[in-house]
Amino acid sequence: GKERKAEYFAQLTQLLQEYPKIFVVNVTMVGSKQVQNVRMQLRGKAELLFGKNTMIRKCLRDNVEQYPHLECLIPVIEGNSAFIFVKKDFDEVRAVIKQYYVGAAARAGVIAQCSVTIPAGVTTLQPTETSFFQALNISTKITKGAIEILNDIELIKEGRKVNPGEAALLQKLGIKPFTYGLDIMTVYDNGSCFDASVLDITDDDILKAFQSGINNIAALCLAAGYPTIASVTHSFLNGYKNVLAIALSTDYTYPLAQKIKDFLSDPEAMAAAAAASAAPAAGGAAPAAKAKEAEPEPEEEEEEDVDFDLFD
């Protein structure tokens, strides 16, 4: 026993030193066949390691003095957890993990990972099975020798424990509402631990957030009259607008301002510009109008003479 523990400690310590990226995954309700398939697909990309939480924590604590960046991993080791040591990109390993999620029936006492709704309609159950529906207060009727559910029923709510009656009913209906696989709980990257939801952030999301921050800085600097790199382009633009406004309202001019003055003093040019801007809108409306005109009016159906009297 001591030799095996020593071998495990040596293996875990080597992996912690070798790999800067780690997935801490929850393996609750995951079958051995799933684990085997994931392990095979991860060869050359990552290493999957299981172990007792107490042994993992002890190994981490023993190495914290030499590798202090491992300390953030200690609090996240709980439940049925395992390590995936990632060699390359997180997304590549994550895609393999998602590939081996499998559907599973609802078991009594399990926390529901999603809400389950049974749709209204005829089932394949015989009338002798109505006791299950009555126990769950589900309205039914018998249709052509089978039980019919009258209304959509939200049988299970997310985050609540599944009752034995609910699990039995779903099993009889052949419904497997849940999926189980290696669930990524925590991501470790070069000494930092963060939630797995961070992996869903794309480059576009980062750029949008960065651009929003720049816009806020520029607005603050403009309001405070404090020039910065973020606001300098807006300051130049606002200054040019002020100079142009002065030139248009006085006799002072310069080449670019003179073009605008000439344009404003020529009504025909202004009318031509207005007509040009209105042309696309009118062009789009014209085909619709022609199409509307082209539609033939429906002919009224002539009433046929009926050879009988209502009071005969």
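Above: the structure in question.
Asker: Would you explain the side chain of Thr13 in this entry?
Answerer: Examined against the element boundaries, Thr13 turns out to sit in helix H1 (residues 2-18). A polar contact is formed between the side chain of Thr13 and the backbone oxygen of Phe9, at a distance of 2.7 Å.

Asker: Sorry, what's going on with H1 here?
Answerer: Note on helix geometry: an α-helix contains 3.6 residues per turn, so any two residues three or four positions apart are oriented the same way. Spanning 17 residues, H1 covers 24 Å between terminal C-alpha atoms, matching the ideal 24 Å at 1.5 Å per step. Every buried residue belonging to H1 is among Tyr8, Phe9, Leu12, Thr13, Leu15 and Leu16, and all of these are buried. The buried residues of H1 occupy an angular sector of 165° when projected down its axis, which confines them to one face. Those residues of H1 that are exposed and angled more than 90 degrees off the buried face are Glu3, Glu7 and Gln14.

Asker: Looking at this structure, I do not really get the packing of aromatic side chains. What am I missing?
Answerer: The geometry of an aromatic ring pair is captured by two quantities: the separation of the ring centres and the angle between the planes. This structure, assessed with the given rule, holds five aromatic pairs. Seen in terms of ring centroids, Tyr19 and Phe85 are 5.8 Å apart; in terms of plane orientation they differ by 45°. Their pairing is tilted. Remark: Phe85 occurs in strand E3 (residues 81-86) and Tyr19 occurs in the loop between H1 and strand E1 (21-26); sequence separation between them is 66 residues. With 5.5 Å between their ring centres and 70° between their planes, Phe83 and Phe85 make a pair best called edge-to-face. You can call Phe83 buried: its relative accessible area is 1%. Site record: aromatic cluster; members linked through ring pairs are Tyr19, Phe83 and Phe85. Over the aromatic face of Phe90 sits the side chain of Lys21, whose NZ or CZ is 5.2 Å from the ring centroid.

Asker: Can you walk me through the environment of Gln171 in this structure?
Answerer: Mapped onto the elements of the fold, Gln171 is located in helix H6 (residues 164-173). For Gln171, a relative accessible area of 63% puts it in the exposed group. Sequence separation between Gln171 and Arg107 is 64 residues; the distance between their C-alpha atoms is 9.1 Å.

Asker: Help me out: how do you make sense of the pattern of salt bridges in this one?
Answerer: For side chains bearing opposite charge, pairing can occur when the charged atoms are close. With the rule as written, the count across this model stands at five salt bridges. A salt bridge links Lys45 to Glu92, with the shortest nitrogen-to-oxygen separation between them at 3.7 Å. You can see Lys45 sitting in the loop between helix H2 (32-41) and strand E2 (46-49) and its partner Glu92 sitting in helix H4 (residues 90-99), a full 47 residues away along the chain. Here Asp200 ties to Arg94 by a salt bridge, and the two come within 2.6 Å at their closest N and O atoms. Placement of Asp200 in the loop between strand E12 (192-195) and helix H7 (203-224) and of Arg94 in helix H4 is noted, with a sequence separation of 106 residues between them.

Asker: Whenever I open this one, the sheet that holds strand E7 (residues 140-143) confuses me. Can you help?
Answerer: Sheet strands associate in pairs through backbone hydrogen bonding, adopting either a parallel or an antiparallel arrangement. In spatial order, the strands read E6-E8-E7; together these three strands make up an open sheet with antiparallel pairing. Two strands in the sheet have a free side with no partner beyond their single neighbour: strand E6 (121-122) and E7. Both E6 and strand E8 (residues 146-149) contribute to a ladder of two bridges, which runs antiparallel. Among the inter-strand pairings, Gly121 is bridged to a residue of E8, identified as Ile149.

About the thresholds
- Numbers given to residues run from 1 along each chain, matching the order in which its sequence is written.
- In keeping with the predicted nature of the model, local features appear solely for residues at pLDDT of at least 70, side-chain atom pairs appear and are counted solely at 80 or more, and the whole-chain, interface and lining totals rest on all residues.
- To obtain the side-chain values, all non-hydrogen atoms of the structure were used and water was disregarded.
- To qualify as a helix, a DSSP run of H or I must reach at least 4 residues; to qualify as a strand, a run of E must reach at least 2; elements of each kind are numbered from the N terminus.
- For the purposes of these results, a polar contact is taken to be a pair of N or O atoms within 3.5 Å, where, inside protein, one atom must be able to donate a hydrogen and its partner to accept one; residues adjacent in sequence count only when each atom of the pair is a side-chain atom.
- By this rule, a helix spans an expected 1.5 Å times one less than how many residues it contains.
- Exposure classes here rest on a 1.4 Å probe applied to the protein chains alone. A residue is buried below 20% of its type maximum, exposed above 50%, and partly exposed in between.
- The arc in question is traced by the directions running from the helix axis to the C-beta atoms.
- When two rings of Phe, Tyr or Trp (its six-membered ring) have centres within 6.5 Å they constitute a pair, described as stacked for plane angles under 30 degrees, edge-to-face for angles over 60, and tilted for the intermediate range.
- Either the NZ atom of lysine or the CZ atom of arginine qualifies as a charge over a ring when it sits within 6 Å of the ring centre and within 35 degrees of the ring normal.
- Counted as salt bridges are all cases of a side-chain nitrogen of Lys or Arg within 4 Å of a carboxyl oxygen of Asp or Glu.
- One bridge is not enough; two strands pair if DSSP finds at least two bridges between them.

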